[in-house]
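# Structural characterization, general
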Amino acid sequence: MIDLRSDTVTKPTSAMREAMFQAEVGDDVFGDDPTVARLEELAAGMLGKEAGMFVPSGTQSNLCALLTHCGRGDEYIVGQTAHTYLFEGGGAAVFGGIQPQPMEQEADGTLLLEKAAELVKPDDYHYARTRLLCLENTTWGKVLPAAYLDQVGSFAESNALSLHLDGARIFNAAVASGECVSKLADPFDSVSVCLSKGLGAPVGSVLVASKAFVKEAKHWRKMSGGGMRQSGILAAAGIDALKNHVTRLADDHENARRLAEGLAEISGVHVDPVQTNMVFYQTTHGDPAVVAEQLRAVGVLIGGYMGGKVRLVTHLGVTAGDIEKVLRVFRSVFD
Ligand SMILES: *Cc1c(COP(=O)(O)O)cnc(C)c1O
């Protein structure tokens, strides 16, 4: 099977499994796991922050960040289709009494700052207290423009907001734009990074921020059930991913570009411009669920239908040769 449903379907490489096997471990709830400590330090260093916190999932990482930034009755401004608003079960509201203030994203994935400014509530007891602006990079495969990132810091400062980045795929953004990842992280007080997406680790995310922020976030991690014991076994996979799987993201981007190019040649298929490892297309050819079934029967798995489009994701389990096969299969199904 060639699996294009998500970059979360990657399996640990043998080198990664070997690193996991060899990992030196301890009880991380006691602060005793040297491998977790190494991963947290490595991630924080790469992203230019003081400290890191290893968590089982990106959802928990974002949740701990939101709970650290905001209290009960506070609100955060967030994109209407951002993961932290749309795909995390309303966790910030459920666990933190934090109200989301969603807003439409622009076509490039940014939140227009002039519009965001209008959503910052006045200091008046009728309103929730607006505390935080939450962005996502990449967002639906798009890289936030550098010029935009230059503006968000001063915007946050002038509106007395904190800044959180859901950087689940920030390394894709860095590789695609040629920017240093720490530069992309720089404007933000906290950044969450997924190790289990294109970087290919089986489990885990790291939340990076200041030492004081991470200390507080660890309180929320424990409370939400994310304190783990000999988690160095998992952290070792994360270290291997950060050391060996960042620059190769360029291959995934190239494969996605080639896939998009090939699909666009099929009549009746409209493909969005590709920036990283995600291809979105719309088509007049048949019911997407039926197409997905036809593709599955010949060895290609594709994901669900999102916002009227089909999403295809490349990752380290998909080769350039696989892409050519996928294109042959698409041509035969659509013709
Ligand atoms: C996958 C993802 C997350 C959450 O990660 P999980 O580990 O699946 O909980 C957060 N934000 C974005 C943008 C993601 O793609």
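Source: prediction; values computed, not measured.

### Comments concerning the domain arrangement of the protein
Taken as a whole, the protein is organised into domain 1 (7-244) and domain 2 (248-334). Here the C-alpha centre of domain 2 lies 28 Å away from the C-alpha centre of domain 1. Taken together, the contact between domain 1 and domain 2 spans 19 residues of the former and 15 residues of the latter. Across the domain 1 to domain 2 interface the summed buried area is about 1400 Å²; carbon plus sulfur atoms make up 67%. Along the contact surface separating domain 1 from domain 2 lie zero salt bridges. Residue composition of the side of domain 1 that touches domain 2, grouped by class: eight nonpolar, seven polar and four charged.

### Concerning the packing of aromatic side chains
Applying the stated criterion across every chain, the model contains five aromatic pairs. Ring-pair connections join several aromatic residues into one group, and the members of that group are Phe87, Trp140 and Phe280. In this structure, Arg229 is placed above the aromatic ring of Phe30, and the distance from its NZ or CZ to the ring centre is 6.0 Å.

### Remarks on the environment of Tyr281
Following the sequence through the fold, Tyr281 ends up in strand β10 (residues 278-283). Tyr281 sits in the buried class, given a relative accessible area of 2%. Along the backbone, Tyr281 and Lys309 are 28 residues apart, and their C-alpha atoms lie at a distance of 5.4 Å. Ignoring anything within four residues of it in the chain, the contact list for Tyr281 reads Leu263, Val269, His270, Val271, Ile302, Lys309, Val310, Leu312, Phe330 and Phe334.

Rules of the game
Throughout this description, residue numbers start from 1 for each chain and increase along the sequence as written. pLDDT decides what is reported in this predicted model: residues at 70 or higher carry local features, side-chain atom pairs at 80 or more are listed and counted, and totals for whole chains, interfaces and linings draw on all residues regardless. Hydrogens and waters are ignored; side-chain quantities use all the structure's heavy atoms. Residue ranges for the domains originate in an automatic or database domain assignment. A contact between two residues is defined here by any heavy atoms of the two lying within 4.5 Å. Buried area, as used here, totals the accessible surface that two parts lose on assembly, with accessibility defined by a 1.4 Å probe and the loss added over both. Salt bridge, as applied in this entry: a Lys or Arg side-chain nitrogen positioned within 4 Å of an Asp or Glu carboxyl oxygen. For this scheme, ten residues count as nonpolar: Ala, Val, Leu, Ile, Met, Phe, Trp, Tyr, Cys and Pro. Four count as charged, namely Asp, Glu, Lys and Arg, and the remainder, Gly too, count as polar. Centre distance within 6.5 Å is the pairing criterion for rings of Phe, Tyr and Trp, where only the six-membered ring of Trp is used; planes under 30 degrees apart are then read as stacked, over 60 as edge-to-face, and the remainder as tilted. Charges are assigned to positions over rings by a cutoff of 6 Å between ring centre and Lys NZ or Arg CZ, combined with an angular limit of 35 degrees from the ring normal. Secondary structure elements are taken from DSSP: a helix is a run of H or I of four residues or more, a strand is a run of E of two residues or more, and numbering for both begins at the N terminus. With a 1.4 Å probe rolled over the protein chains alone, any residue whose accessible area is under 20% of its type maximum counts as buried; one over 50% counts as exposed, and the rest are partly exposed.

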